[in-house]
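The primary structure of each chain is shown beneath.
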Amino acid sequence: AIGHVKLENKIGTSAADLEDGDPLKTITLATQRALQSFGGAGTVKSVTPDDALRSVEFDEAASAAAAAAETEAEEAYSTRQPAFQCFEMCHDKFKDIREAFGISEAQFYAVLGLQKKQVISSFSVIGSGDASGKSPSFFFLSPDQQYILKSCTTRDVKTLTRILSSYRDHVKSCAASADDDSAASSTNLSLLPRYLGLYKLIFQDDTPDVTLIVMTNFFAAAHEIHSKFDLKGSTYHREASEKERAKSAPVYKDLDWMREGRKIRFSTEDEVQSVRERLEADTLYLSSQKLIDYSLLVGIHEMKDGATNLRKRDEAMDIISARSSTEIQYFGLVDILTPFVAQKRAETICTGTLICRPGISCQPPKKYQKRFMNFVDEEILACTGTGTGNS
């Protein structure tokens, strides 16, 4: 259906189906309650990045009020709700960023907040064991799956808040012109992750505190994703493990992509050049911020039964894609918050230089960006030469 993510393309486990006592069941409901509150007039509490990183202690008066709130919440909701506080970080900057991506405040909070008379979370959950990669993060997805909420480390928060002003300026400079109707066009030309909000929840009981970053899900497509690839431009050990391949939705890597002879194909050289310029601008920005280890994530929908009449306007989201007669490819940059700090420098020297492995993933920012773009030119972008367009 136009404007909706198809059922077969939805991922995760419904929070309502989690076992009682699972902390994620508690956290999902608390998150939606907080976002519902932030969406109301005059309720937004904005704190500075430094303040947001401090722990919060409950004094006796606050504890008494919290206990009363917890009793009321247990009666009102179908799962345990301890007293908690939620802080929204950098509200003004994120409001500017949401506007740059064409997302209104009303739309944002209406989708993410708990609906009236709702007694349990409507989020879907992906636990850390089901996610790809080495990160221990877990993920929540909004009911329409258009937004992802990812748990953050302290380092992630520090990095994001450090770059947030320049990130805002960069994405605002990438606003698409009204006459840009290319195959991969959207309201914003940046291929960076679309970070839309940052929230910290602190619980009074033993429920673990959590910081969540909200971003768009560029796989929230109208068409089922059949395969995914995480591409860094590195070839050292960059193939899906047997454990990863055994998952129901594995994420493949650079060597897998190359062995299958994959490409993101456009019908004209102008389209190829447009996407390349966007990737170049975004990765140069990341390099200027001393960030590495990012990837281009590609999701592929394979056409079946000669279905060639799929159009971008069928999509539920303002997403970026390339289309050919055989498949639709959705793509964007992910995992951009890794700074090149002392530990990464040591990894490069010990693993890469001393053992003669220049193909390892970790490289200094400028080298990482150059290698990434070389891989884009040699292995990712291609022109079919049909000249018919992909819209």
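Given the structure is predicted, the values throughout are model-derived calculations rather than measurements. (Residues numbered from 1 in each chain as written. Predicted model: local features only at pLDDT ≥ 70, side-chain atom pairs only at ≥ 80, totals over all residues. Heavy atoms only, no water.)

**A look at unusual backbone geometry**
Then step 1. Here the phi dihedral of K117 falls at roughly 70°; this positive angle occurs in a residue that is not glycine.
Then step 2. Relative to the helices and strands, K117 resides in the loop between α5 (105-112) and β4 (124-126).
Then step 3. A relative accessible area of 86% places K117 in the exposed class.
Then step 4. The phi dihedral of D335 is positive, around 55°, even though this residue is not glycine.
Then step 5. Locating D335 in the fold gives a position in the loop between β15 (327-334) and β16 (338-339).
Then step 6. The partly exposed category is assigned to D335, whose relative accessible area is 39%. (Helix = DSSP H or I, 4+ residues; strand = E, 2+ residues; numbered from the N terminus. Buried < 20%, exposed > 50% of the residue type's maximum accessible area, 1.4 Å probe, protein only.)

**A closer look at the confidence of the model for the protein**
Then step 1. Confidence along the protein averages 82 in pLDDT terms, with 74% of residues attaining 70 or more.
Then step 2. Low pLDDT (under 50) marks residues 51-64, which in the prediction has 15 contacts with non-local residues, meaning those over four places away or in another chain. (pLDDT = per-residue confidence, 0-100. Contact = heavy atoms within 4.5 Å.)

**A look at the nonpolar core**
Then step 1. Formed by 84 residues in total, the largest nonpolar core has its most connected members in I264 and F331.
Then step 2. If you look at the next biggest cluster of nonpolar residues, it comprises 10 residues, including F219, I225, L297 and V334. (Core = buried A, V, L, I, M, F, W, Y, C linked by side-chain atoms within 4.5 Å.)

**Structural notes on the side chain of T207**
Then step 1. Mapped onto the elements, T207 comes out in the loop between β7 (195-203) and β8 (210-216).
Then step 2. The class for T207 is buried, based on a relative accessible area of 5%.
Then step 3. Within polar-contact distance, the side chain of T207 engages the side chain of R80 at 3.2 Å.
Then step 4. When sequence neighbours within four positions are dropped, the list of residues in contact with T207 reads T26, I27, R80 and P82. (Polar contact = N/O pair within 3.5 Å; in protein donor to acceptor, adjacent residues only side chain to side chain.)

**Description of the sheet that holds strand β14 (residues 321-323)**
Then step 1. What the 5 strands build is an open sheet, ordered β10-β9-β13-β15-β14; its pairing is mixed. Looking along the sheet, the strands with just one partner apiece sit at the ends: β10 (251-252) and β14.
Then step 2. As paired strands, strand β13 (residues 295-302) and β15 are joined by 8 bridges and run antiparallel to one another. Within β15, the position partnered with H301 by the bridge is I328. (Pairing = 2+ DSSP bridges.)

**With respect to the pattern of salt bridges**
Then step 1. All chains considered together, the criterion is met by 18 salt bridges.
Then step 2. K150 is the salt-bridge partner of D335, the closest N and O atoms lying 3.7 Å from each other. Taken as a pair, D335 in the loop between β15 and β16 and K150 in strand β6 (residues 147-151) lie far apart in primary sequence, 185 residues in all.
Then step 3. Linking E280 and R276 is a salt bridge whose minimum nitrogen-to-oxygen distance equals 3.2 Å. With E280 and R276 both in helix α9 (residues 269-288) and 4 residues apart, this pair spans about one turn of that helix.
Then step 4. Each of E239, R245, D256 and R259 takes part in salt bridges that share partners, so that together they form one network. (Salt bridge = Lys/Arg side-chain N within 4 Å of Asp/Glu carboxyl O.)

**Structural notes on the pairing of β8**
Then step 1. Within β8, 7 of the 7 residues are buried, which leaves it mostly tucked inside the rest of the structure.
Then step 2. Because side chains alternate across β8, one face comprises the buried residues V210, L212, V214 and T216, and the other comprises T211, I213 and M215, equally buried.
Then step 3. Strand direction decides the pairing type here: β6 and β8, joined by 5 bridges, are antiparallel. Within the sheet, the bridge partner assigned to K150 lies in β8 and is I213.
Then step 4. The pairing of β7 with β8 spans 6 bridges and is antiparallel. Each residue of the ladder has a partner; that of L201, found in β8, is V210.
Then step 5. The loop that links β7 with its antiparallel partner β8 comprises 6 residues.

**Structural notes on the packing of helix α6 (residues 154-173) against α9**
Then step 1. Relative to each other, α6 and α9 sit at 165°, their axes nearing to 11 Å. Taken together, the axis directions place α6 and α9 in an arrangement best described as roughly antiparallel. By crossing handedness, the relation of α6 to α9 is classed as right-handed. Judged by residue contacts, I163, S166, Y167 and H170 of α6 engage A281, D282 and Y285 from α9.
Then step 2. When its residues are assigned to classes, the contact of α6 with α9 shows 4 nonpolar, 2 polar and 1 charged. (Axes fitted to C-alpha atoms, helices over the stretch in contact; angles between N-to-C directions. Parallel < 35°, antiparallel > 145°, perpendicular 65-115°, else oblique. Left-handed = near helix turned anticlockwise from the far one by under 90°. Nonpolar A, V, L, I, M, F, W, Y, C, P; charged D, E, K, R; others polar.)

**Notes on the pairing of β15**
Then step 1. Counting buried positions along β15 yields 8 of 8 residues, so the element is predominantly enclosed.
Then step 2. Here β15 shows a buried face lined by E327, Q329, F331 and L333 and a second buried face lined by I328, Y330, G332 and V334.
Then step 3. With 3 bridges joining them, β14 and β15 adopt antiparallel strand pairing. Residue A322 lies in a different strand from β15, and its bridge partner there is Q329.
Then step 4. Remark: 3 residues form the turn of the hairpin made by β14 and β15, two consecutive strands paired antiparallel.

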